[in-house]
Amino acid sequence: MALRNIREMGEDVLTKKSKEVREMNDRTRALIDDMLETMYESGGVGLAAPQVGVLKRIVVIDVSDTGDEPVVLINPQILETSGEQTGWEGCLSVPGKSGKVTRPLYVRASALNRDMEPFEIEGTELMARAICHELDHLDGKLYVDLVEGDLVDNSELEKEAEEGSEQENGDGDNREEKAESAT
Ligand code: NI
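What counts, and at which threshold
- Residues numbered from 1 in each chain as written.
- Predicted model: local features only at pLDDT ≥ 70, side-chain atom pairs only at ≥ 80, totals over all residues.
- pLDDT = per-residue confidence, 0-100.
- Contact = placed C-beta atoms within 7 Å.
- Pairing = 2+ DSSP bridges.
- Helix = DSSP H or I, 4+ residues; strand = E, 2+ residues; numbered from the N terminus.
- Axes fitted to C-alpha atoms, helices over the stretch in contact; angles between N-to-C directions.
- Core = buried A, V, L, I, M, F, W, Y, C linked by C-beta atoms within 7 Å.
- Buried ≥ 20, exposed ≤ 12 C-beta atoms within 10 Å, placed from the backbone.

## Here we look at the confidence of the model for the chain
Should the pLDDT be low somewhere, the predicted coordinates at that spot are not to be read in detail.
Alright, step 1. Chain-level pLDDT for the chain is 91 on average; 91% of the residues reach the 70-or-more range.
Alright, step 2. Low confidence marks residues 167-179, where pLDDT is under 50. Its contacts with residues over four positions away, or in another chain, come to 12 contacts.

## Digging into the sheet that holds strand β8 (residues 148-153)
Alright, step 1. A sheet is described by the order of its strands in space; here three strands give the open sequence β4-β5-β8, paired in antiparallel fashion. Among the strands making up the open sheet, the edge pair consists of β4 (85-89) and β8. The mean inter-strand angle of the sheet, taken between neighbouring strand axes irrespective of direction, is 25°.
Alright, step 2. With three bridges joining them, strand β5 (residues 97-103) and β8 adopt antiparallel strand pairing. Bridged to K97 within β8 is D153.

## Digging into the nonpolar core
Alright, step 1. Counting 32 residues, the largest nonpolar core has M35, V59, V60, I61 and I131 as the members making the most contacts within it.
Alright, step 2. Mapped onto this core, the elements with two or more residues apiece are α1 (26-42), β1 (46-48), β2 (58-61), β3 (71-82), β6 (106-112) and α2 (125-138).
Alright, step 3. For this core, the element with the most residues is α2, which contributes eight residues.
Alright, step 4. Excluding its chain neighbours within four sequence positions, the residues that come into contact with I61 are V45, G46, V71, A130, I131 and E134.

## What about the pairing of β3?
Alright, step 1. Taken together, the four bridges between β2 and β3 define a ladder with antiparallel strand orientation. Counterpart to I58 in the pairing with β3 is I74.
Alright, step 2. Summarising the sheet, β3 and β6 pair through six bridges and their orientation is antiparallel. Residue pairing for β6: T81 is matched across the bridge by V107.

This is how it looks when you write it as structure tokens:
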């Protein structure tokens, strides 16, 4: 396994549509292993192949706190969504920034696993957000185009969070996901 270079906004490869994976081979297996290693090393909860410069429809996600529940999605397709959530989102290809994005609250998707066997996955909240964000990468789309308001520096968000926690906050309405959900 090896770390791969994460491509950043402004690079062409992030705006292109990725191609379906037709067969599994050693090269693609190595790519998946490297994507997982790169995601964990970067502290992200998801990574799509174009983010490491490869235009293949492959996504890795791990939204667990422990970082030991990797999900590999090959040729993923969203089958069903419902509800809505608005929260902070980040992207490893847009380092140091976050923005508010509205996504479905629930997502069900189909994909192939690393043995090219079909399966379905469903998730809510961060998992639903991650699936949508990563699948957008496969179509050359970045979350920055969906941001409501401005992209903000993570350092500003952290400052706000500190100030906010000093106030007594009666209801939970203002609670926002931490911006560390970089994908
Ligand atoms: Ni991303």
